[in-house]
Amino acid sequence: MKNTTVLISGASIAGPALAYWLTRYGCAVTVVERAPSLRPGGQAVDFKGEAQLSVLRRMGILEEVRRHQTGGTDQDIVDAEGRRLAVLPGEFTGGDVEILRGDLSALLYERTAGRCEYVFGDSITSLTETADGVHVTFERGAPRTFDLVVGADGIHSNVRRLAFGPESDYVRFLGYHYALADLGAGLGTGMYNEPGRMVSLGGPSSPVFFVFASPPIDYDRYDVEAQRRILADAYRGAGWRVPEILTRLPHARELYLDSISRVHIDRYASGRVVLLGDAAYGNTLGGFGTGLAVVGAYVLAGELALAGGDHRAGFRGYEELLRGYAKVTGKGDAGGFLAPATRGRIRMRNWMFQRRFLLTLMLKLTDRFATDIELKDYPSLVAASAAR
Ligand SMILES: Cc1cc2nc3c(=O)[nH]c(=O)nc-3n(C[C@H](O)[C@H](O)[C@H](O)COP(=O)(O)OP(=O)(O)OC[C@H]3O[C@@H](n4cnc5c(N)ncnc54)[C@H](O)[C@@H]3O)c2cc1C
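Overview of the structure. This is a predicted model, so every value here is computed, not measured.

Orientation of helix α2 (residues 49-58) relative to helix α10 (residues 289-306), taken along the N-to-C sense of each, is 60°, at an axis distance of 9 Å. Put simply, α2 runs oblique to α10. Once α2 is placed against α10, the crossing between them reads as left-handed. Facing A51, Q52, V55, L56 and R58 of α2, the residues of α10 in contact are G291, V294, V295 and Y298. Taken together, the residues of the contact of α2 with α10 break down into six nonpolar, two polar and one charged.

It is worth spelling out the site of the ligand at this point. Contacts to the ligand come from 26 residues, most closely from S12, E33, R39, Q43 and D278. The backbone of A14 places a nitrogen or oxygen atom 2.9 Å from an oxygen atom of the ligand. Here an oxygen atom of the ligand sits 2.6 Å away from a polar atom, N or O, in the side chain of D278. For the ligand, the protein covers 91% of the area, taking 920 Å² as the surface of the free molecule. The element best represented in the shell around the ligand is α10, accounting for three residues. A breakdown of the residues in the shell around the ligand according to their chemical character gives nine nonpolar, 11 polar and six charged.

A few words on the side chain of S200. Structurally, S200 is set in strand β14 (residues 197-202). Among the polar contacts listed, one links the side chain of S200 to the side chain of Q75, at a separation of 3.1 Å. Apart from the residues lying within four places of it in its own chain, the contact partners of S200 are Q75, G190, M191, P207, V208 and F209.

Thresholds, definitions, all that
- Residues numbered from 1 in each chain as written.
- Predicted model: local features only at pLDDT ≥ 70, side-chain atom pairs only at ≥ 80, totals over all residues.
- Heavy atoms only, no water.
- Axes fitted to C-alpha atoms, helices over the stretch in contact; angles between N-to-C directions.
- Helix = DSSP H or I, 4+ residues; strand = E, 2+ residues; numbered from the N terminus.
- Parallel < 35°, antiparallel > 145°, perpendicular 65-115°, else oblique.
- Left-handed = near helix turned anticlockwise from the far one by under 90°.
- Contact = heavy atoms within 4.5 Å.
- Nonpolar A, V, L, I, M, F, W, Y, C, P; charged D, E, K, R; others polar.
- Near = heavy atom within 4 Å.
- Polar contact = N/O pair within 3.5 Å; in protein donor to acceptor, adjacent residues only side chain to side chain.
- Areas by Shrake-Rupley, 256 points an atom, 1.4 Å probe, with all protein chains shown as cover.

Written as structure tokens, this is what we have:
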């Protein structure tokens, strides 16, 4: 196989999942992550349907993911007095197997740390492609040259900006922001709506989850204090337990705030640089991000290995398979669903959750999207061609 030195930007889900497969196909992989260490946090993320489960099985982690399994529990949607209005069924949010994002990231990191190089606290500053490689400079580390570079650095991808152009060309803001805050135990459970605002308390191990309508907000994503202020402003005057939640906000152990946005990009590769996961087909809180990242990593590494490392053929194969599978992210607007803009729309959404046939229909639809890919058995195809 040629093109065996690979730099991956981003060590959340897509990056470590790709490192897992590439190292098995004999590549020397470096993963650079901007955060000083593996990022914990996030809510539960889920896998749906046989295609996604079979990739976890082939990675040998399905049982371990199941051991960390969370959720599957129903959640009450309540009014300002805490009275139940409707129930958000666990099966609707939880897929076939659900795990906290931080636990999944740690699991993928553990499975790959001994086989590849992780560099934390650094970020790529430039990418210059030559005939046989990509010359890369970093904020802190010395420049290096790699055969291939992968942007697995999320919806605000740095690699996409450097290799494809500014974020404004590829990311569409959908009119909402969301935040996750670890405010400690004792707040109880329940999901509460006011027009354009939602807050959800998911139990002792889940962060408090906020979704609110807003114009675009200009802030530093690494300035937690600024995010606290934005969140406090967005929920001022809200009812239910929100005043108590706001008093805990200054002491939040972790806080993460971001826009709800969707990526629209007409190609995943540019020369020797390719995008994976949310960087290529992100749709914040769309319910498919993690499954797509893990399947995308399997397909990208597998297509490269099948093509003997020929990046043009490998990237083409990856894009042909993933483009169709990832089309689900072109739809869906989690903000409007979780925090409807008017009282009428909140009532309509709650009414839907009380209709079993509508839920069954929605679950069937998501199952159809989640299984809409024919996966090749890359590991055995590659082993067979190596033995010939
Ligand atoms: C802290 C956190 C919490 C999240 N919480 C949720 C959640 O509650 N619900 C949900 O559905 N999804 C959540 N997500 C998103 C979810 O992980 C993804 O939608 C999905 O798993 C696809 O993952 P990804 O690896 O493509 O992107 P992401 O998970 O977004 O990971 C991108 C990684 O790239 C890193 N990165 C960013 N910029 C740079 C740079 N310049 N250089 C190097 N590395 C960089 C980030 O720090 C991050 O580790 C969260 C992501 C993060 C990072």
